[in-house]
Amino acid sequence: MCLQSRMTFNHFHRNDALAAFLEIKGLGKSFGGIHAVRQLDLSIDRGEILGIAGPNGSGKSTFFNIMTKVPFAADRGEVLLEGKNILTRKAHDIARSGVARTFQRESVFPSLSAVDNVLTTVENSSAGGTHRDNVAAAILALDQAGFPATLHNTPAGALPVFLRKLVMIAAALALKPRVLLLDEPASSLTPHEIARIQALILKLKEADMTILLIEHVLPLLTAVSDRLAVLDQGELIAIGTPEAVIAEPRVVEAYLGKKQ
Amino acid sequence: MELSAFIAVLTGGLVLGVLYSLMAFGLALVWTTLGIFNFAHGAFIVLGAYIAWQIGNPDAFGLGFLVSAVVTVIAMFVIGVIFQFLLVKPFERKPNIVLLTVITTLAGATVLINLINVMWGPRSKQIVLPASGDLSLGLFRITANEGLMVLIVTLTLATLGWFLLKTPLGRSMRAVAQNREAAQLMGLNVPLLYAATFGLAAALAGLAGVFIGSIRFMTPNMGDDPLQKALVVVILGGVARFTSPIYAAFLVGIIEAFSTYAVGLYWTPAVLFVLMIAVLVVKPEGLFGRRERSV
Ligand SMILES: Nc1ncnc2c1ncn2[C@@H]1O[C@H](COP(=O)(O)OP(=O)(O)OP(=O)(O)O)[C@@H](O)[C@H]1O
Ligand SMILES: [Mg+2]
């Protein structure tokens, strides 16, 4: 009996590929006449890094918005995490259930210190414990993100952009997410800072995190992504290995404009 | 102006400042967190005064000042939460929420005032505070009841400061006020925090009512002046930090005291409004403010 249940357990793990870890089905959102995201279907494996590219206004951020219900929900479609549709939950429950996200613009609580920013997340997550434990968890998340320990008590609003991004990432990590959605983590950073973000993303992958990464910085995107998806006008126009996708005529066209 | 008169006026201004900070704090809290001006804040103050009178006064239930203050604060918290649920929450994500809630909170205020009229009648009442006699420190002299108010308000605001800075719930309330969307992403229960903030603001208004009801004769319409004063304080001071309205409250109290001395009670509101307009023109974010909304 015991042996049998153990076998079933193993059996499930072997067949991860059958029921994808994260499955997006028919997801869509329109604003008046604009189809920001139309009919998106994707399936993502556990531990995979899916890069998402696309020209400005192609619906990348909207995709993250409707997955997290912040600031608005999808018009249609489902997001299945291990088979359960998370879109039936409230925004804060989606976050607590392990889908964390960073914003395209560095979005922090400006007059809270760096550590308080992350602490707030810990305190509101299901894992909240004693104050001492919570502070330790917040510091751990900041360390994980590579945030300098000397600046823990600086108000987040006073930090330079790179560090604000790290605070935002640390706060997301404090949710102990299974899925991490990063919206342009490298925008407006120096090459050196981008290299640090890249190392961080690879480190998180090692820790078995599933990551969706929106990025305009192509070298970063191709370096870390297992697969690359390209959106154009709200539609998925290509998906596959980064090399193959970048070579696709439709992708080149979307980026450079149609050749007449 | 003689020194003793000066000190007396200054003392009066400081005592007013204490009262005004209590009145303005809740209004500022709601403005920074929910992004609306609650025009029922004055009505909350009145309702608080009447509840306290009902519970505490010898002519009514006669349970004494302390019990009445505690019951008032709790009751007003609950009333605030209900009020927010009925009149603010339904309009939360609408683009014209500020205007809509001006209308709904004004309407709510009218309903509350009429209810007070029906329940307690228009005849004026007064809350009896427990202390008697005077306290003096050098040339500063206040009544023992004013001293009691200063003590209770100071303790309340200090506790509130500690709550906002040091407790998880307080931190979450500040976080939501600073960035609603990031807060949602970080798993903060925004609707719950909004309700708690509104309830807290109403509770503070209720406590302010307890003191106003003891200083003046209570009538159902006495809320207009406190609402105006609270608005002036919030606009003057800005809301960059949750302490900004407190500084502004003392400034307004002192200006009011001296202007009453110099130009009389009649012209004092005009002085304050001119000052407020000047600040709006020169430094619209408030004297103690930065431009962004935060606490
Ligand atoms: N709140 C909104 N109201 C109306 N239209 C919106 C809203 N949010 C996004 N859109 C529209 O939806 C489309 C997709 O926008 P989105 O922000 O998702 O693009 P993006 O791919 O993230 O672009 P970028 O690379 O510039 O960040 C755009 O046409 C945009 O104007
Ligand atoms: Mg975007």
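Predicted model, so just to flag it, every value in this text is computed and none were measured.

A. Seen up close, the overall build of chain B. The helix and strand tally for chain B stands at 11 helices and 2 strands. Listed by position from the N terminus, the elements making up chain B come as α-α-α-α-β-β-α-α-α-α-α-α-α. The C-alpha radius of gyration computed for chain B amounts to 19 Å, which stays within 12% of the reference 19 Å derived for 295 residues, consistent with globular compactness. Dimensions of chain B, computed from C-alpha atoms along their principal axes, come out at roughly 60 × 50 × 35 Å. Among the 295 residues that make up chain B, the fraction classed as buried is 54%. Taking all contacts inside chain B whose residues are at least 6 apart in sequence as the whole, residues at least 24 apart take part in 73%. Split by element, the accessible area of chain B, about 12,800 Å² in all, is 72% carbon and sulfur. Averaged over its 17 positive side-chain charges, chain B has a centre that lies 11 Å from the centre of its 11 negative ones.

B. Just the domain arrangement of chain A, in detail. Residues and elements named next belong to chain A. Partitioning chain A into structural domains gives domain 1 (3–98 + 177–256) and domain 2 (110–175). Summarising the inter-unit geometry, the C-alpha centres of domain 1 and domain 2 are found 24 Å apart. Opposite the 18 residues of domain 1 that make contact, domain 2 presents 13 residues. The tally of links between domain 1 and domain 2 comes to 0 salt bridges. Across the domain 1-domain 2 interface, the total number found is 5 residue pairs in polar contact (both at pLDDT 80 or more). Breaking the side of domain 1 that touches domain 2 down by element, the ones donating at least two residues are helix 3 (91–96), strand 7 (179–183) and helix 7 (191–206). No other element matches the 6 residues that helix 7 contributes to the side of domain 1 that touches domain 2. Per-class residue counts for the side of domain 1 that touches domain 2 are 11 nonpolar, 2 polar and 5 charged.

C. Representation of the site of ligand 1. All names here are of chain A. Of all residues adjacent to ligand 1, which total 14 residues, the nearest are N56, G57, K60, T62 and H216. In the model, an oxygen atom of ligand 1 is placed 2.7 Å from a nitrogen or oxygen of the K60 side chain. Summarising the interface, the protein chains cover 65% of the accessible area of ligand 1, which totals 630 Å² for the free molecule. Top element by residues in the shell around ligand 1 is helix 2 (residues 60–68). It accounts for 3 residues. Classifying every residue of the shell around ligand 1 gives 4 nonpolar, 8 polar and 2 charged.

D. Fine view of the environment of I49 of chain A. Residue and element names in this part refer to chain A. Topologically, I49 is positioned in strand 3 (residues 49–53). The class for I49 is buried, based on a relative accessible area of 0%. The spacing of I49 and L204 is 155 residues in sequence and 9.9 Å in space, taken between C-alpha atoms. With near-sequence residues (within four places) excluded, I49 lies in contact with I201, K205, I211, V224, S225, D226 and R227.

E. Local environment of the sheet that holds strand 1 (residues 22–31) of chain A. All names here are of chain A. Within the open sheet, the 4 strands sit side by side as 2-1-4-5. Their pairing is antiparallel. The outermost strands of the open sheet, each flanked by one partner alone, are strand 2 (34–44) and strand 5 (84–85). Both strand 1 and strand 4 (residues 76–81) contribute to a ladder of 5 bridges, which runs antiparallel. Within the sheet, the bridge partner assigned to E23 lies in strand 4 and is L80. The strands touched by helix 2 within the sheet are strand 1, strand 2 and strand 4, with strand 1 carrying the most contacts at an inclination of about 110°.

Calculation notes
- Residues numbered from 1 in each chain as written.
- Chains lettered and ligands numbered in written order.
- Predicted model: local features only at pLDDT ≥ 70, side-chain atom pairs only at ≥ 80, totals over all residues.
- Heavy atoms only, no water.
- Helix = DSSP H or I, 4+ residues; strand = E, 2+ residues; numbered from the N terminus.
- Rg over C-alpha atoms; globule rule 2.2 N^0.38 Å.
- Buried < 20%, exposed > 50% of the residue type's maximum accessible area, 1.4 Å probe, protein only.
- Contact = heavy atoms within 4.5 Å.
- Areas by Shrake-Rupley, 256 points an atom, 1.4 Å probe, with all protein chains shown as cover.
- Lys, Arg positive; Asp, Glu negative; His and termini not counted.
- Charge placed at Lys NZ, Arg CZ, Asp CG, Glu CD.
- Domains from an automatic or database assignment.
- Salt bridge = Lys/Arg side-chain N within 4 Å of Asp/Glu carboxyl O.
- Polar contact = N/O pair within 3.5 Å; in protein donor to acceptor, adjacent residues only side chain to side chain.
- Nonpolar A, V, L, I, M, F, W, Y, C, P; charged D, E, K, R; others polar.
- Near = heavy atom within 4 Å.
- Pairing = 2+ DSSP bridges.
- Axes fitted to C-alpha atoms, helices over the stretch in contact; angles between N-to-C directions.

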